Amino acid sequence: DLRCPIVVIMGHVDTGKTKLLDKIRKTNVQEGEAGGITQQIGATFFEKKTLEQQTSKLNATENFEIKVPGMLVIDTPGHESFSNLRSRGSSLCDIAILVVDLM
């Protein structure tokens, strides 16, 4: 049996890491953060059915099967003063997603 992959969302402060997760979760966590900036490590577990729902449009053309039982996503603060938290959070992970703001 496969275990759930652990994914870390990383990027500089104010690039939209938490907002991206809010969109997937259908939540508004980012608005509750002081100054809209993440102050601590957050974790979200996405069940397999959620992954299937979120990838349904892509699956219509690419036709793939999700074999993992779910996915644990760790949201890390982007501000420089939280580099120790980022380091600890990322050391646990199998996959990293780097969010870059091109504006």
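(A) Representation of the sheet that holds strand S4 (residues 95-98). If you walk across this open sheet you meet the 4 strands as S2-S3-S1-S4, and the pairing is mixed. The sheet is open, and its two borders are formed by strand S2 (42-47) and S4, each paired with just one other strand. The average undirected angle you get between the axes of adjacent strands in this sheet is 25°. By the bridge criterion, 4 bridges tie strand S1 (residues 6-10) to strand S3 (residues 70-75) in an arrangement that is parallel. Each bridged residue has a counterpart across the sheet, and for Ile6 the counterpart in S3 is Leu72.

(B) Structural view of the pattern of salt bridges. In the structure shown here, the tally under the stated rule is 3 salt bridges. Put simply, Arg3 and Asp94 hold a salt bridge, and the shortest N to O gap is 2.8 Å. Within this pair, whereas Arg3 is found in the segment before S1, its partner Asp94 is found in the loop between helix H5 (83-91) and S4, the two being separated by 91 residues in sequence.

Each value, and the rule that gives it
- Residues numbered from 1 in each chain as written.
- Predicted model: local features only at pLDDT ≥ 70, side-chain atom pairs only at ≥ 80, totals over all residues.
- Heavy atoms only, no water.
- Pairing = 2+ DSSP bridges.
- Helix = DSSP H or I, 4+ residues; strand = E, 2+ residues; numbered from the N terminus.
- Axes fitted to C-alpha atoms, helices over the stretch in contact; angles between N-to-C directions.
- Salt bridge = Lys/Arg side-chain N within 4 Å of Asp/Glu carboxyl O.

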